[in-house]
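Coordinate inspection notes
Residues per chain, in single letters:
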Amino acid sequence: MTLQWTAVAFFLYVEIAVNLILCIPFISAQRWRLIFSWRIWSWLSPYWNKCFFTMIMVLIVLFLDAVREVQKYSGPEPMQDAKVNPNLYDHVHMKLFRAQRNLYICGFSLFLWLIMRRVVTLLNQAAVTLENSAGLQAQMENAVKAAKQHQEDNQTLKQALLEEEKSMSAKNQQLKLEVEKLAGQLKAAEDAVHKSHAEVEAMRRQAKGLAHEYDRLLREHHQLQNLQSTEDKKDQ
């Protein structure tokens, strides 16, 4: 195996190990997000896209070269030459096997390179989604608590309003009784006033009658005195 294909094979083994580590179930997405937020990754982030696309281009070129090698050694001409020379037959099959091996190594390296980037992206998205869902869950719990508190406050206010309404009803009933009592007292006072007015009117009439009788008696008295004085004069 040449140096370039040794490097590709080593790269493939590293990709397999990294993908297996990323797929470990007991490491949560939040932990991976904490790991991805290390300062070293922020330092390497400007070069990450360039490195990613550079590796894709290199692997595509090697993949196309491996495809060319497979087509080269699986064509009709090498097979015809191999049939003529038995030693060449083993050599052609060995070259074809190496070309196919290189094709598989390069293809799997390219595939796992794309898969690894996608897995990292999904882990970050899952961590963000979990954080958002936790925040939404906390907001929902706070909203539920606030709704329960409002409901309890409304129930307390409703109970207070009912008690106040009962108290107002009792006060209104008491005021109504007091008004009825005062109305009775007012009616009794009015009757007493009317009665006193009638008595005053009767006394006034009686006093007027007595005054007329007194005047009449005075006139009679004067007449009697005049008669008496006249008789006294005659006797003299």
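Per an unreviewed UniProt entry, the chain goes by Endoplasmic reticulum transmembrane protein and derives from Amphiprion ocellaris. As its UniProt record puts it under Sequence similarities (unreviewed entry), the chain is described as follows: "Belongs to the BCAP29/BCAP31 family." Per UniProt, the chain has the following entry under Function (unreviewed entry): "May play a role in anterograde transport of membrane proteins from the endoplasmic reticulum to the Golgi."

Right, let's get into the overall build of the chain. In terms of regular secondary structure, the chain is built from 5 helices and 0 strands. The order of helices and strands in the chain, counted from the N terminus, is α-α-α-α-α. Looking at the chain as a whole, 15% of its 236 residues qualify as buried. Considering only contacts within the chain whose residues lie at least 6 apart along the sequence, 81% involve residues at least 24 apart. Counting only carbon and sulfur atoms, one obtains 63% of the accessible surface of the chain, whose full area is about 19000 Å².

Looking now at the layout of surface pockets. Approximately 250 Å³ is the volume found for the second largest pocket. Contributing to the lining of the second largest pocket are 13 residues, with Thr2, Trp5, Glu69, Arg98 and Asn102 lying nearest its centre. Elements represented by at least two residues in the lining of the second largest pocket include exactly helix H1 (3-22), helix H3 (39-73) and helix H5 (86-235). If one sorts the elements of the lining of the second largest pocket by residue count, H5 sits on top with 5 residues.

Moving on to the packing of aromatic side chains. Here the structure, examined in full by the defined rule, presents 3 aromatic pairs. An angle of 75 degrees between the planes, with centres 5.4 Å apart, marks the rings of Phe52 and Phe53 as edge-to-face. Of the residues examined, Phe52 reaches a relative accessible area of 4% and is grouped as buried. Seen from their ring centres, Phe52 and Trp113 are 5.5 Å apart, and the 25 degrees between their planes marks the pair as stacked. Placement of the pair is Phe52 in helix H3 and Trp113 in helix H5, with a sequence separation of 61 residues. Residue Phe52 shares its accessibility class with Trp113, and that shared class is buried. One aromatic cluster is present, built from ring pairs that chain together Phe11, Phe52, Phe53 and Trp113. When the ring centre of Phe52 is taken as reference, the NZ or CZ atom of Arg117 above it lies at 4.3 Å.

A few words now on the nonpolar core. Trp5, Val8, Leu59 and Trp113 are the most contacted members of the largest nonpolar core, which totals 26 residues. Secondary structure elements with two or more residues in this core: H1, H3 and H5. The leading source of residues in this core is H5, at 12 residues. Once residues within four sequence positions are removed from consideration, Val8 is found in contact with Leu59, Leu62, Ile105, Cys106 and Ser109.

The rules behind each value
- Residues numbered from 1 in each chain as written.
- Predicted model: local features only at pLDDT ≥ 70, side-chain atom pairs only at ≥ 80, totals over all residues.
- Heavy atoms only, no water.
- UniProt positions renumbered as here; feature names shortened; annotations may be inferred.
- Helix = DSSP H or I, 4+ residues; strand = E, 2+ residues; numbered from the N terminus.
- Buried < 20%, exposed > 50% of the residue type's maximum accessible area, 1.4 Å probe, protein only.
- Contact = heavy atoms within 4.5 Å.
- Areas by Shrake-Rupley, 256 points an atom, 1.4 Å probe, with all protein chains shown as cover.
- 1 Å grid on protein atoms, 1.4 Å probe; cavity = no way out; pocket = protein on both sides within 12 Å on 5 of 7 lines; lining within 4 Å.
- Points joined across faces, edges and corners; volume = space filled by probe spheres on them.
- Phe/Tyr/Trp six-rings, centres within 6.5 Å; stacked < 30°, edge-to-face > 60°.
- Lys NZ or Arg CZ within 6 Å of the ring centre and 35° of its normal.
- Core = buried A, V, L, I, M, F, W, Y, C linked by side-chain atoms within 4.5 Å.

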